[in-house]
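What follows is each chain in one-letter form.
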Amino acid sequence: MNKHTQDIIKKVSMEIVDNYRNEPLFSSKKGKIMPERKQIIDVLLSLRDVMFPGYFQSQDVIGYMPEYFVGERLGKIHQVLSTQVRRGLNYMDDQAHYDEDNYEQAEEIVEHFVSCLPDIQKTFLGDIQMLFDGDPAAQSKEEIIFSYPGLFAIYVYRIAHEFYLQKVPFIPRIMTEYAHGKTGIDINAGATIGKNFFIDHGTGIVIGETTEIGDNVKLYQGVTLGGLSTRKGQGLSGSKRHPTIGNNVTIYAGATILGGNTIIGENSVIGGNAFITDSVPANSRISIKSPEKNLRFDNIEK
C-alpha cells in the first residue's frame, strides 16, 4: 500500500469516526447490547425441528425418546430467547443499566411463548391442510412442509406474532424480515391472521401491520393488503391503516386492497389485478374485465 492510499484511508477513517461521535444512532445506548440477529434466526430453525419433527434433521425423533428431544431442544431455545428478549427490553428501556435488568419480564415472556407452542403447532396443521386441499399441484402434505415458501412464511409469522403481542422490541421484525428475504413474502408480525391460512406461490405478497384476516382465506402471488397513504409517517403509528378480510375470502394474483376502513365481506372472491379502496359486501365477486384488443398477425415468411 503506497503512502497516498494510506493517507486516504486515514482521512476517511477519521471522518467516519467523527460521524460515530456526532450521531447517537451509530453507537449502542450507554453500551447496551442489542439482540443478535443470528441467534434469533437459529431459534426459528431449531424450533422448526420441534414443530415439524423428522423433516429438517436426520434423526427419527418420534420413534426414539421424543420427550427427551423436545425437552432438550425447548430448554436451549428458552435460554437463548430469554437472553435476546432481555437485550431488546433493556435497549429500549431508558431506566435499565445492567444486563440483568428486565430479567423477570423476559422470563415471563418466553415462558408464555413456550406454553403457546402446542396450540401454534395445531394451527400449523390447519394451514398445511388448507394448502394441500387448495393446490392440485401438491403431491403430499410432506412436500408442502419440505418445500412451500408460503408455509415457511406463515410459520415464521405465527411465531413472531406471539412476541409482537408481548411488545418485544426488535425480535418480531428480525423474524419476519428473515422470512421476507427467504421467500419474497412480507407479513408484518402485527397482522392478525385466522386459522387455515393459504398462500400459493406467494412471491410479492405484502400484509401490513394492522391487517385483519379471518379463517379459511386464500392469497395468491402479488397481493397487497396495505395502507392508503403513508404521508403522515409516524403520525399514523398505532392507527388502523390496513384492510380487514372476512372469512372464506379468496384474493387472486396481483390484487391490491388498501385502507384501514376497507372491509372485504366473507365468502367474497377478488379477481386478479383488482384495485380496491372501498369495502366490499359479503358474497361479492370482483373482477377486472380485460379490454378487447385488436390483434394483428403478420406473416414472418417473406
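Residues numbered from 1 in each chain as written. Predicted model: local features only at pLDDT ≥ 70, side-chain atom pairs only at ≥ 80, totals over all residues. Heavy atoms only, no water.

## Section: the pattern of salt bridges
This is how the line gets drawn: In what follows, salt bridge is the name for a side-chain nitrogen of Lys or Arg lying within 4 Å of a carboxyl oxygen of Asp or Glu. Under the DSSP-based scheme used, a helix requires at least four consecutive residues in state H or I and a strand at least two consecutive residues in state E, with every element numbered from the N terminus. Burial classification: accessible surface area is computed with a 1.4 Å probe over protein chains only, and a residue below 20% of its type maximum counts as buried, one above 50% as exposed, and the rest as partly exposed.
Applying the stated criterion across every chain, the model contains nine salt bridges. For K38, the salt bridge identified is with D42, shortest N-O distance 2.8 Å. Of this pair, K38 and D42 both sit in helix α2 (residues 37–51), four residues apart, which is roughly one turn of that helix. Overall, the relative accessible area of 52% leaves K38 in the exposed class. Since its relative accessible area comes to 34%, D42 is described here as partly exposed. A salt bridge links R241 to E209; the nearest nitrogen and oxygen atoms lie 2.7 Å apart. Here R241 is found in the loop between β7 (224–226) and β8 (244–245), whereas its partner E209 is found in the loop between β4 (206–207) and β5 (212–213), with 32 residues between them in sequence.

## Overview of the sheet that holds β8
The condition that has to hold: Strands are treated as partners if at least two bridges between them are detected by DSSP.
Read from one edge of the open sheet, four strands run β2-β5-β8-β11, paired in parallel fashion. Across the chains shown, the open sheet's two edge strands, defined by having one partner strand only, are β2 (192–193) and β11 (263–264). Where β5 lies against β8, two bridges are found, and the strand directions are parallel. Bridged to E212 within β8 is T244.

## Describing helix α7 (residues 171–183)
One turn of an α-helix holds 3.6 residues; hence residues three or four places apart share an orientation. Where we set the bar: Expected span of a helix, by definition, is 1.5 Å for each gap between consecutive residues, and there is one gap fewer than residues. We call two residues in contact whenever any of their non-hydrogen atoms come within 4.5 Å of each other.
Between the first and last C-alpha of α7 there are 19 Å, a value that for 13 residues agrees with the 18 Å anticipated at 1.5 Å per step. Three or more residues of α7 are buried, namely I171, P172, I174, M175, T176, Y178, A179 and T183. For α7, the elements touching its buried residues are α2, α3 (66–92), α6 (149–165) and β1 (186–187). In the stretch just after α7, G184 is the one whose phi turns positive, near 75 degrees.

## Let's talk about the packing of aromatic side chains
Selection rule: In this analysis, rings of Phe, Tyr and Trp, with Trp reduced to its six-membered ring, are considered paired at centre separations within 6.5 Å, and the interplanar angle assigns stacked below 30 degrees, edge-to-face beyond 60, and tilted for intermediate values. In this scheme, Lys NZ or Arg CZ marks a charge over a ring once it lies within 6 Å of the ring centre and within 35 degrees of the ring normal.
Evaluation of the coordinates by the stated rule reveals twelve aromatic pairs. Look at Y91 and F170: their rings are 5.8 Å apart centre to centre, the planes differ by 70 degrees, and that puts the pair in the edge-to-face class. You can see Y91 sitting in helix α3 and its partner F170 sitting in the loop between α6 and α7, a full 79 residues away along the chain. Overall, the relative accessible area of 28% leaves F170 in the partly exposed class. Through pairs of rings, three or more aromatic residues link up here, namely F52, F124, F152, Y155 and Y178. Over the aromatic face of F56 sits the side chain of R48, whose NZ or CZ is 3.8 Å from the ring centroid.

## Examining a nonpolar patch on the surface
For clarity, the threshold we go by: Only residues whose relative accessible area exceeds 30% and that form no salt bridge enter a patch; like-charged residues are grouped when within 9 Å of one another, and nonpolar side chains (Val, Leu, Ile, Met, Phe, Trp, Tyr) when within 5 Å. Every accessible area reported is derived by Shrake-Rupley at a probe size of 1.4 Å, with residue values counting cover from the shown protein chains alone.
Taken together, the side chains of I8, V12, I16, V17, Y20 and F26 make up a nonpolar region of the molecular surface, amounting to roughly 530 Å² of accessible area. Examined against the element boundaries, Y20 turns out to sit in helix α1 (residues 3–22).

## Examining the sheet that holds β1
Reading across the sheet, the five strands line up as β1-β4-β7-β10-β13 and stay open at both edges, with parallel pairing between neighbours. Only two strands of the sheet have a single partner each, and these edge strands are β1 and β13 (275–276). Pairing analysis gives three bridges linking β7 to strand β10 (residues 256–258), with the strands arranged parallel. When the sheet's bridge partners are listed, L225 is paired in β10 with I257.

## Focus on the packing of α3 against helix α4 (residues 103–134)
As a reminder, the rule being used: To get an axis, fit a line to the C-alpha atoms, keeping to the stretch in contact for a helix; angles then go from 0 to 180 degrees between the N-to-C directions. We call two directions roughly parallel when the angle between them is under 35 degrees, roughly antiparallel when it is over 145, roughly perpendicular when it lies between 65 and 115, and oblique otherwise. Note on convention: near helix rotated counterclockwise from far helix by under a right angle means a left-handed crossing. Clockwise means right-handed.
With their axes 8 Å apart at the nearest point, α3 and α4 run at an angle of 135 degrees to one another. The angle between α3 and α4 places the two elements in the oblique class. Where α3 crosses over α4, the handedness of that crossing is right-handed. Contacts from L74, H78, L81, S82, V85, R86 and L89 of α3 reach α4 at Y103, Q105, A106, E107, I109, V110, E111, F113, V114 and L117.

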